[in-house]
Structures are given as C-alpha cells and as structure tokens.
Amino acid sequence: MADPIVTLKGFASLPADTFSAGPASGAALTNPTNGRPTPFPSQPVQGFSGVQFAPDGDGSVFWFLADNGFGAKNNSADFLLRLYQANPNFAGTESGDR
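One structure accompanies this document, and this report is about it. Fair warning: this is a prediction, and the values are worked out from it, not measured in the lab.

In this section: the overall build of the protein. When helices and strands are counted, the protein shows zero helices and five strands. Along the protein, helices and strands appear, N-terminal first, in the series β-β-β-β-β. Among the 98 residues that make up the protein, the fraction classed as buried is 26%. In the protein, of all internal contacts separated by at least 6 residues, the share reaching a separation of at least 24 is 36%. Taken as a whole, the protein presents about 7400 Å² of accessible surface, with 57% of it coming from carbon and sulfur.

Next up, the structure:
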C-alpha cells in the first residue's frame, strides 16, 4: 500500500514572547528557556493543546485549551490552566474561504 500524500494547507504561529494577564509563571523552570529570563512576567501563551467549537459561534468561533509547554507537573505549579476563545480568519494565500 502506498503512503498517503499529505499537504500542509496553512500554518499559524504565535511570537515566543506572547503573554496573557496573570501572575508571574515559570519560577520552577530549571532548563534553558531560549535566552528568556524566568520567571516570566505573566502567563505565557505557548500554544494550544485542544480545540472545540464554541456554542453559538456558527462554526467560526473556537475554544482553545492552553498548553503550558513547561514539560512536567513539578515545574508547572504557577501556570494557570485556562481556555481562550478565538475567531480565526482562515482566508489567506492558500485561498481559504472564511
């Protein structure tokens, strides 16, 4: 059986220094942080680990679960678990339709 061909249709990224309101975070980090001092000034937004359609969003609004990216439970004690609501615009160079 031949391997399926997969084509990346788009990509989204956040700047590394993206933070959300909240207390300082990352005080227990012991590994290098790409030259960024710890603790961080507030809560880092390091990516999303889950997504769900938001109610009453007509399929265009989503809830995203924050991913702290710290790597272990013992160095994540000061990260606030939270959800972010977003209404992304998928139109772009790949000819998205929304």
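Anyway, onward from the coordinates.
Here the focus is the side chain of Gln-43. Structurally, Gln-43 is set in strand 2 (residues 43-44). Looking at Gln-43, its side chain comes within polar contact range of the main-chain oxygen of Asp-78, at 3.1 Å. Dropping the residues within four chain positions of it, Gln-43 is found in contact with Thr-18, Phe-19, Ser-20, Ala-21, Gly-22, Pro-23, Ala-24, Ser-25, Asp-78, Phe-79, Leu-80 and Arg-82.

Let's shift gears to a nonpolar patch on the surface. Taken together, the side chains of Trp-63, Leu-65, Leu-81 and Leu-83 make up a nonpolar region of the molecular surface, amounting to roughly 400 Å² of accessible area. Its place among the elements puts Leu-81 in the loop between strand 4 (62-66) and strand 5 (83-86).

Here the structure, examined in full by the defined rule, presents five aromatic pairs. Summarising the aromatic geometry, the rings of Phe-19 and Phe-40 are spaced 5.8 Å apart at their centres and angled 45 degrees between planes, so their arrangement reads as tilted. Placement of the pair is Phe-19 in strand 1 (residues 19-20) and Phe-40 in the loop between strand 1 and strand 2, with a sequence separation of 21 residues. Of the residues examined, Phe-19 reaches a relative accessible area of 29% and is grouped as partly exposed. Measuring from ring centre to ring centre gives 6.1 Å for Phe-62 and Phe-64, while their planes differ by 50 degrees; the resulting arrangement is tilted. As far as burial versus exposure is concerned, Phe-62 and Phe-64 are alike and both buried.

About the thresholds
- Residues numbered from 1 in each chain as written.
- Predicted model: local features only at pLDDT ≥ 70, side-chain atom pairs only at ≥ 80, totals over all residues.
- Heavy atoms only, no water.
- Helix = DSSP H or I, 4+ residues; strand = E, 2+ residues; numbered from the N terminus.
- Buried < 20%, exposed > 50% of the residue type's maximum accessible area, 1.4 Å probe, protein only.
- Contact = heavy atoms within 4.5 Å.
- Areas by Shrake-Rupley, 256 points an atom, 1.4 Å probe, with all protein chains shown as cover.
- Polar contact = N/O pair within 3.5 Å; in protein donor to acceptor, adjacent residues only side chain to side chain.
- Patch = residues over 30% accessible without salt bridge, like charges linked within 9 Å, V, L, I, M, F, W, Y side chains within 5 Å.
- Salt bridge = Lys/Arg side-chain N within 4 Å of Asp/Glu carboxyl O.
- Phe/Tyr/Trp six-rings, centres within 6.5 Å; stacked < 30°, edge-to-face > 60°.

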